[in-house]
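# Structural overview
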Amino acid sequence: MTDHPPPQTPAPELFTWEFATNPYPAYAWLREHAPVHKTRLPSGVEAWLVTRYADAKLALADPRLSKNPAHHDEPAHAKGKTGIPGERKAELMTHLLNIDPPDHTRLRRLVSKAFTPRRVAEFAPRVQELTYDLIDRFAADGSADLIHDFAFPLPIYAICDLLGVPREDQDDFRDWAGMMIRHGGGPRGGVARSVKKMRTYLADLIHRKRAALSDAPAPHPGETSPGTPDPAPTEDLISALIRASDEGEHLTENEAAAMAFILLFAGFETTVNLIGNGTYALLTHPEQRARLEKSLAAGEHGLLETGVEELLRYDGPVELATWRFATRPLTLGGQDIAAGDPVLVVLAAADRDPERFADPDVLDLGRRDNQHLGYGHGIHYCLGAPLARLEGQTALATLLTRLPDLQLAGDPADLRWRGGLIMRGLRTLPVEFTPRAGTPAP
């Protein structure tokens, strides 16, 4: 094992409220002095934190680091201290974040065709429609909380549409998801109850859609293909999963419900934080904001695209990658990791590694060499990244053009960040602007 030189300063305290506000100095210390660092998490579980870019990229793709919590050598996962609260009791464990090949390969293949560039492009008008509608609801007020009024509902409604949740039921999903966000770093009972309600609803929805599909005529030729069927252009994702299962892909009801659940869970909070963190970064970096506004006014979108990638790198929505567990002893970053040890890759630290990024603490919307890890790496690379990018680009561009004098309402020091482990996002983002006429939705 390679020894690192003893640090000249004491290790920073992790997972405090002060740390949540700005974790980057602590991560810089870890990168320099203890790049693979064992620590006790707030839940009591001990885990290794991986903070350097090169080590992080290796760990994310290492098959010896399993996503299956059954490899954890402690009963902590059974007590709800790893993973998503309530998913075990609700029989929602068999989703993409908790399994390895070959099951991971099978399930990912089933759902991946819903997130192809073509399918996402077909969904773009709906995302724009939702964006306009949400801004219209508060445009005449002159103030808003951009988390509650905009960043939060946009991805919820979008992913519900994609899955095929009826419009009249989507506010229920908004309430359940809100419980997950509000209590993600605190009491877990409310989260578990929301997960159970979501599981019960999804099971019922799957039954209803399967019945509807059995009564419907066969799909038009060309809408499906042998093996894993392509979803028809107007077919929702849950229906496509059911059709795949019925055509021999062996998708159990629990797997279908777990798949829909994780797309909701992982597909909305990451985008909430991308929009929230990204808007906050632009509001606190006026020169970069002006640069983007000038580009948008000229009808250009290149800076918007590189800008969203830079916002993902600079202060991304996922601070730590989801849990991994060593299946056998291994060495990473000079540290020996025992079989069964949990490993958490700190994406936020890796994406500010000066060994990989020039001036990593500087926000540069035009940054070209930007192979960030904000959406992971390897076989578990975020499946919904194309949709999240679309939502982020649409949200930021529309906000800046519809509300050109948008500014923070109050002192940035008064803002509070949610104290969770995996995600990084603001609790609120109060803004003010000149009231503008809109067409408020009922």
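Preceding block: the structure.
What this report covers is the structure whose coordinates are included nearby. (Residues numbered from 1 in each chain as written. Predicted model: local features only at pLDDT ≥ 70, side-chain atom pairs only at ≥ 80, totals over all residues. Heavy atoms only, no water.)

Along the backbone of the chain there are 15 helices and 10 strands. The burial tally for the chain puts 55% of its 442 residues in the buried class. A separation threshold of at least 6 residues defines the contact pool for the chain, and within that pool the share at least 24 residues apart is 74%. Here the chain has roughly 19,100 Å² of accessible surface; of this, 54% comes from carbon and sulfur atoms. (Helix = DSSP H or I, 4+ residues; strand = E, 2+ residues; numbered from the N terminus. Buried < 20%, exposed > 50% of the residue type's maximum accessible area, 1.4 Å probe, protein only. Contact = heavy atoms within 4.5 Å. Areas by Shrake-Rupley, 256 points an atom, 1.4 Å probe, with all protein chains shown as cover.)

With respect to the helices, strands and loops of the structure, Leu304 is situated in helix α13 (residues 302–315). Along the primary structure Leu304 and Thr394 are separated by 90 residues, whereas in three dimensions their C-alpha atoms are 9.3 Å apart.

Attention now moves to helix α2 (residues 24–33). Extensive coverage of α2 is indicated by the burial of seven of its 10 residues. Of all the residues in α2, the buried ones are Tyr24, Ala26, Tyr27, Trp29, Leu30, Arg31 and His33. Summarising the contacts, the buried residues of α2 are in contact with α1 (17–21), β1 (36–40), β2 (46–50), α13 and α14 (347–350).

This part takes up the pairing of β2. Of all the five residues making up β2, four are buried; the element is thus mostly covered by neighbouring parts of the structure. Judged from the five bridges that link them, β1 and β2 form a sheet pairing that is antiparallel. In the strand pairing of β2, His37 is matched with Leu49. The loop that links β1 with its antiparallel partner β2 comprises five residues; one of these, Gly44, has a positive phi angle of about 100°. As paired strands, β2 and strand β8 (residues 342–345) are joined by three bridges and run parallel to one another. Bridge pairing links Val50 to Val345 in β8. (Pairing = 2+ DSSP bridges.)

Attention shifts here to helix α12 (residues 286–297). For α12, with 12 residues, the first-to-last C-alpha span of 16 Å sits near the 16 Å given by 1.5 Å per residue. For α12, the set of buried residues is Gln288, Arg289, Leu292, Ser295 and Leu296. End-on view of α12: buried residues confined to an arc of 125°, all on one side of the axis. Those residues of α12 that are exposed and aimed more than 90 degrees away from the buried face are Pro286, Lys294 and Ala297. Backbone geometry just after α12 places Gly299 at a positive phi near 75°. (Expected span 1.5 Å × (residues − 1). Arc of directions from axis to C-beta.)

Phi is positive for Phe15, which is not a glycine, with a value near 65°. Looking at the element boundaries, Phe15 is found in the segment before α1. On the basis of relative accessibility, which here comes to 23%, the residue Phe15 falls in the partly exposed class. Of note, Asp359 is a non-glycine position whose phi angle comes to about 45°, a positive value. Summarising the element assignment, Asp359 is placed in the loop between α14 and α15 (385–402). Residue Asp359 is classed as exposed on the basis of its relative accessible area, which comes to 57%.

Okay, the sheet that holds β1 next. In spatial order, the strands read β1-β2-β8-β5-β3; together these five strands make up an open sheet with mixed pairing. At either end of the open sheet lies a strand with only one pairing partner, and these are β1 and β3 (65–66). The sheet strands contacting helix α3 (residues 53–61) are β1, β2, β3, β5 (324–326) and β8, and the helix crosses β8 at an angle near 125°. (Axes fitted to C-alpha atoms, helices over the stretch in contact; angles between N-to-C directions.)

Time to look at the packing of aromatic side chains. Enumeration according to the criterion identifies 11 aromatic pairs in this entry. With centroids separated by 6.0 Å and ring planes inclined at 80°, the aromatic side chains of Phe152 and Phe268 adopt a geometry described as edge-to-face. Taken together, the residues span a long stretch of sequence, with Phe152 in the loop between α6 (146–151) and α7 (153–163) and Phe268 in helix α11 (residues 253–283) at a distance of 116 residues. You'll find Phe152 and Phe268 in the same group, each marked buried. Put simply, the rings of Phe15, Phe19 and Tyr27 touch in pairs and so form one group of aromatic residues. Sitting over the ring of Phe357, Arg313 keeps its end group 5.4 Å from the ring centre. Over the ring of Trp417 we find Arg424, and its NZ or CZ is 3.8 Å from the ring centre. (Phe/Tyr/Trp six-rings, centres within 6.5 Å; stacked < 30°, edge-to-face > 60°. Lys NZ or Arg CZ within 6 Å of the ring centre and 35° of its normal.)

What follows covers the packing of helix α5 (residues 117–138) against α15. Here α5 crosses α15 at 40°, and the two axes come no closer than 9 Å. Here α5 and α15 pass one another in a crossing that is right-handed. The segment α5 lies against α15, with Val120, Phe123, Ala124, Val127, Gln128, Thr131, Tyr132, Ile135 and Asp136 engaging Pro386, Leu387, Leu390, Glu391, Thr394, Ala395, Thr398, Leu399 and Arg402. Among the residues making up the contact of α5 with α15, the classes are represented as 11 nonpolar, four polar and three charged. (Left-handed = near helix turned anticlockwise from the far one by under 90°. Nonpolar A, V, L, I, M, F, W, Y, C, P; charged D, E, K, R; others polar.)

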